[in-house]
Each structure stands twice: as structure tokens, then as C-alpha cells.
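This is what each chain is made of:
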Amino acid sequence: MSKNKLTKEEKAKLKKIKPGRLTKRDARMGVLFILPWIIGAITFLAYPLIASFYYSLNNIRMTPLRTIYNFVGQGNYTQILMSDADFPGQLINYVVSTIISVPIIVVFALMIAIMLNQPIKGKGFFRLIFFLPVIIVSGPILGMLNAEGAGSITALDTQAITSAIEAYLPSALASPISDIFENMITILWYSGVQILIFLSALQKIDPSQYEAAKIDGGSGWECFWKITLPTIKPMILLNCVYTIVFISNNDQNEIIELIKNAMFSGTQEKGYGYASAMAWFYSIVVLLIVGLFALVFVTRKDVYEKQVKKAKKQAKKEEREIKKIRRRSARNAAKQARKEAKQG
């Protein structure tokens, strides 16, 4: 046995040892440090989720005296799928447009980040230009710009593209794709934060890796695919998730408007319960889209790392076999010595 390894008896003794005062104090301070986050998560995340799911199972009527809950089970969900004329169609349009627009935004952000990371004059000014829409074009200002047509390309300019798309794709796919081309300006306005995240990741890459690759004859294109892209792959996933969440919670999202209208509707069929069911449907779809991008961009273990771990396991196995052989040889030698001692 090596000196660094512990025997079973030593491990059992260590388990019996109780933590000291300093360890307990550090543990208490750690709990106190994260306590505000735990309280906030329970108050503003867990409780609203549970409450909204309970609302989705009820038909809620609000009166001046009290709130009336009429349990309908899955009735709200069935009504959304079978009777609602707008929500399922808008949900399909959202899924198609999100799956198409997220790669466009992320790729555009990566291209701009690579260009802004080059040694050019006025680098800070150009970075400010691309990040400025995140500060200015948000909330009511974005709504006003879209109302004036500043955030979209005119139908005359996109008519050829729209006609070609509608000629080869069904209407369920052609409509959201055409909307993406018409709202391309607004989509590119959403890329400021992603550019900033990519810039921070690119600046963390060691320049010596590029120098070594160029000495070995690697081109700029090969350096991008072999060094840059694998290094920033976690940031690609982060930007995809951020973009999905941003698009899903945007004020210009028509599904959000549908949920708000259902919530404040005065009809007997709709209300807080119906709107909560719509919100749960929408949340599940958003999570599925996030899961789809996570499956595509999740960081997988390096092949060489797997080989190294396999080699280490094999070396440990061989070491154990050698120790067994040595112990067996020692026992046989001891038996032989005792036999010789008896015979002598």
C-alpha cells in the first residue's frame, strides 16, 4: 500500500470524528450567506409556481367580497387545445420562429464579437454602438419604434423572399419564417448582450495557442474551428438560453399578450385559471426548446480525456494485480520457510 492511501480502519476513524467549532461556524456562515437567496427563491419562485399550477386547475371568479375557486381539473388545458382559436397557432409560430431566429442572433453576435476582438482603432466606440440598442431599444421605446415601422423591413423589400418561401413550404412554416425576414432589424437589436458575452470569452483564450497553431501551419479558418469554437462552446449554449428567455419574455411577444388578455377577460370561460393554464403550456414549450439547444451544444467530454482516465484505471488494475502476486509470493515463501523449519 502507498503512503497516501488510507486503510479501512483509518477511514472509519475519520468518519467518527465530529467536526470542530471552526467547521461548524463556517457551515453556519455559509447557510446565512445563501439564506437571502433561499428565501427569495421560495417566496418569488416556488410559491408562485405552485399557486399558478393550482389556479390552472380552477375556474376563478373574483367578486368584491372574495375569490371563488371552481375546480375543473384539466378542463382549462382541454379548452385551450380544443376550443381556443388563437393560442395553439401562435404557439406553433413562436416555436418555429424561435428555433430559426436564435441561431441567427447567436451567429451574428459571434461574428461581430470576433471582429470587435481584432486590434482595430476605435474598438470601444464600435462596441458601444452594438451594445447601445440593449439600453435604448427596450420596453415602450421598442413598441413605439415597431409601431412606426422602424424595427421591420417593408413588405416590398422582402416580397421576393416571402414568395419563394411560400412556394416551397407549407403555410405553418412559411408564415413565421417570413416574419423573421421582415423583423430582421429587431432581431439584430437583441444581440448586444450576446456580443458582450462572446467578447469576454474570446479575450480569455490564450494567444499562445494561436501562435503555436500558426507555427505548425494552421490557417485562420483552422484556428477558428480547432481553437476558438471549442473554447467558447459553453458560451454558445449560454447565449442560446439567454436569447430564448429574452424572446419568450419580450413585451412584443404575441403569446404574452394573449395570456394577459385571457387573465383580464370578463368572460365566464376565461380568467386567472385559464391564463395560468396557458402560461404553463407556454413554459413547458419554452423548456423543451431550451432542452433542444442544450442537447445540441452541451459540452461533451474530450476523447483524449476519456482515454487518459481509461489508462489510469488500467494502470490501477495492473498495480492491484502486482500487489496480489507479491502477497501470494510472500505467503508461499513464509509457508516454505515454516516447512523447512519443521523439517530441520
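A brief look at the structure comes next.

Quick notes on the rules
Residues numbered from 1 in each chain as written. Predicted model: local features only at pLDDT ≥ 70, side-chain atom pairs only at ≥ 80, totals over all residues. Heavy atoms only, no water. Patch = residues over 30% accessible without salt bridge, like charges linked within 9 Å, V, L, I, M, F, W, Y side chains within 5 Å. Areas by Shrake-Rupley, 256 points an atom, 1.4 Å probe, with all protein chains shown as cover. Salt bridge = Lys/Arg side-chain N within 4 Å of Asp/Glu carboxyl O. Helix = DSSP H or I, 4+ residues; strand = E, 2+ residues; numbered from the N terminus. Buried < 20%, exposed > 50% of the residue type's maximum accessible area, 1.4 Å probe, protein only. Phe/Tyr/Trp six-rings, centres within 6.5 Å; stacked < 30°, edge-to-face > 60°. Contact = heavy atoms within 4.5 Å. Axes fitted to C-alpha atoms, helices over the stretch in contact; angles between N-to-C directions. Left-handed = near helix turned anticlockwise from the far one by under 90°. Nonpolar A, V, L, I, M, F, W, Y, C, P; charged D, E, K, R; others polar.

**Observations regarding a nonpolar patch on the surface**
Thought 1: Taken together, the side chains of Met29, Leu32, Leu35 and Ile39 present a nonpolar region at the surface, about 380 Å² in accessible area.
Thought 2: Its location among the elements puts Leu32 in helix α2 (residues 21-56).
Thought 3: A residue is classified by how much of its surface remains accessible, and Leu32, at 53% relative accessible area, is exposed.

**What about the packing of aromatic side chains?**
Thought 1: A full pass over the atoms with the stated rule returns 10 aromatic pairs.
Thought 2: Ring plane angle 45° and centroid distance 5.7 Å describe the contact between Tyr54 and Tyr69, whose orientation is recorded as tilted. Of this pair, Tyr54 sits in helix α2 while Tyr69 sits in strand β2 (residues 67-71), placing them 15 residues apart in sequence.
Thought 3: Residue classification places Tyr54 among the partly exposed residues on the basis of a relative accessible area of 43%.
Thought 4: Here Phe224 and Trp225 contribute two aromatic rings whose centre-to-centre distance is 5.5 Å and whose plane-to-plane angle is 80°, an arrangement assigned as edge-to-face.

**Structural notes on the pattern of salt bridges**
Thought 1: Considering all chains together, one arrives at 1 salt bridge under this definition.
Thought 2: One salt bridge connects Glu319 with Lys323, and the closest N-O pair in it is separated by 3.5 Å. With a gap of 4 residues between them, Glu319 and Lys323 both fall in helix α16 (residues 303-343), about one helical turn apart.
Thought 3: Residue classification places Glu319 among the partly exposed residues on the basis of a relative accessible area of 34%.
Thought 4: Take Lys323: its relative accessible area is 17%, and that puts it in the buried class.

**As for the side chain of Thr243**
Thought 1: By the element assignment, Thr243 lies in helix α13 (residues 233-248).
Thought 2: Apart from residues lying up to four places away in sequence, Thr243 is in contact with Val102, Ile105, Val106 and Gln194.

**Focus: the packing of α2 against helix α15 (residues 272-297)**
Thought 1: At a minimum axis separation of 7 Å, α2 and α15 run at an interaxial angle of 115°. For the pair α2 and α15, the crossing hand works out as left-handed. Along its contact with α2, which presents Leu49, Ser52, Phe53, Tyr55 and Ser56, the element α15 presents Tyr272, Gly273, Ser276, Ala277 and Trp280.
Thought 2: In terms of residue class, the contact of α2 with α15 is built from 6 nonpolar, 4 polar and no charged.

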